[in-house]
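Fold and contact review
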Amino acid sequence: MANEAVTAVFFSCKRLHLLRESFDAFVDNNSYPLDEIIIVNDSADPAIHAELKKTYPDCILVLNEKNVGLFTSIDNGYARVRTPWVLHVEDDWKITRDGLIAKSLEIMTRREDIEEVWPRDFNNHGTEETV
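A brief look at the structure comes next. This structure is a prediction, so every number in the text was calculated from the model and none was measured. (Residues numbered from 1 in each chain as written. Predicted model: local features only at pLDDT ≥ 70, side-chain atom pairs only at ≥ 80, totals over all residues. Heavy atoms only, no water.)

Quick word on the pairing of strand S2 (residues 36–41)
To be explicit about the condition: For the exposure calls, accessible area comes from a 1.4 Å probe over protein chains only, and a residue counts as buried if that area is under 20% of its type's maximum, exposed if over 50%, partly exposed in between. Here a strand is any run of E in DSSP of at least two residues, a helix any run of H or I of at least four, and the numbering for each starts at the N terminus. The rule for pairing is simple: two strands pair if DSSP sees at least two bridges between them.
By the criterion of burial, S2 is predominantly enclosed, with 6 of the 6 residues buried. Alternating positions in S2 separate into two faces, Glu36, Ile38 and Val40 on one and Ile37, Ile39 and Asn41 on the other, with burial throughout. Pairing between strand S1 (residues 6–12) and S2: 6 bridges, direction parallel. Looking across to S2, one finds that Ser12 is bridged to Asn41.

So, in structure tokens, the structure goes:
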């Protein structure tokens, strides 16, 4: 599955410390090549936006000028995605192992009955596989 184009989209609001932890953990534990990384910040805080510009110059930044909430932020972030696959990460989600993207893609391309893959085993719906 290493040839599938994937964009990672990180969502955060007023929790820069959690975004840093989540982002750093992901970068440290991911070997899958990404096309782009998008960071969406819903804080409407110019200081946080300035810090994001300084800290993540290689990422696409979507910096909401007013607080619009998670669902609109998701729409704003996904509108920038140009790949067929998205890894959705929120600022308090910490990905601490490699292989998540490759295994998720393997499941998604093999199973037409699955429209999303979660990185942890906590639902009991019968159509699940452990990533």
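Thoughts on helix H2 (residues 46–55)
Along an α-helix, a turn takes 3.6 residues, which lines up residues three or four apart on a common side. Going by this rule: Arc, as used here, means the arc of the directions from the helix axis to the C-beta atoms. Residue contacts are counted whenever heavy atoms from the two residues lie within 4.5 Å of one another. The definition of a polar contact used here is a pair of N or O atoms within 3.5 Å, where within protein one atom must be able to donate a hydrogen and the other to accept one, and adjacent residues in sequence count solely through side-chain atom pairs.
Within H2, the full set of buried residues consists of Ile48, His49 and Leu52. Looking down the long axis of H2, one finds its buried residues gathered within 100 degrees of arc, a one-sided arrangement. H2 presents Pro46, Ala47, Lys53 and Lys54 as exposed residues on the side facing more than 90 degrees away from its buried surface. Turning to H2, the residues buried within the fold contact helix H1 (16–29), S2 and strand S3 (60–63). Sitting at the head of H2, Asp45 places a side-chain oxygen 2.8 Å from the backbone nitrogen of Ala47.

Considering the packing of H1 against H2
Short version of the rule: Geometry is summarised by axes, namely lines fitted to C-alpha atoms with helices restricted to the contacting stretch, and by angles between N-to-C directions that run from 0 to 180 degrees. Between 65 and 115 degrees an angle is taken as roughly perpendicular, under 35 as roughly parallel, over 145 as roughly antiparallel, and anywhere else as oblique. Note on convention: the crossing is left-handed when the near helix lies turned anticlockwise from the far helix by less than a right angle, right-handed when the turn is clockwise. Amino acids outside the nonpolar list (Ala, Val, Leu, Ile, Met, Phe, Trp, Tyr, Cys, Pro) and the charged list (Asp, Glu, Lys, Arg) are all regarded as polar, and Gly is one of them.
Orientation of H1 relative to H2, taken along the N-to-C sense of each, is 20 degrees, at an axis distance of 12 Å. When the axes of H1 and H2 are compared, the pair comes out roughly parallel. Both H1 and H2 take part in a crossing whose hand is right-handed. Across the interface between the two elements, Leu16, Leu19 and Arg20 from H1 touch Glu51, Leu52 and Thr55 from H2. A breakdown of the residues in the contact of H1 with H2 according to their chemical character gives 3 nonpolar, 1 polar and 2 charged.

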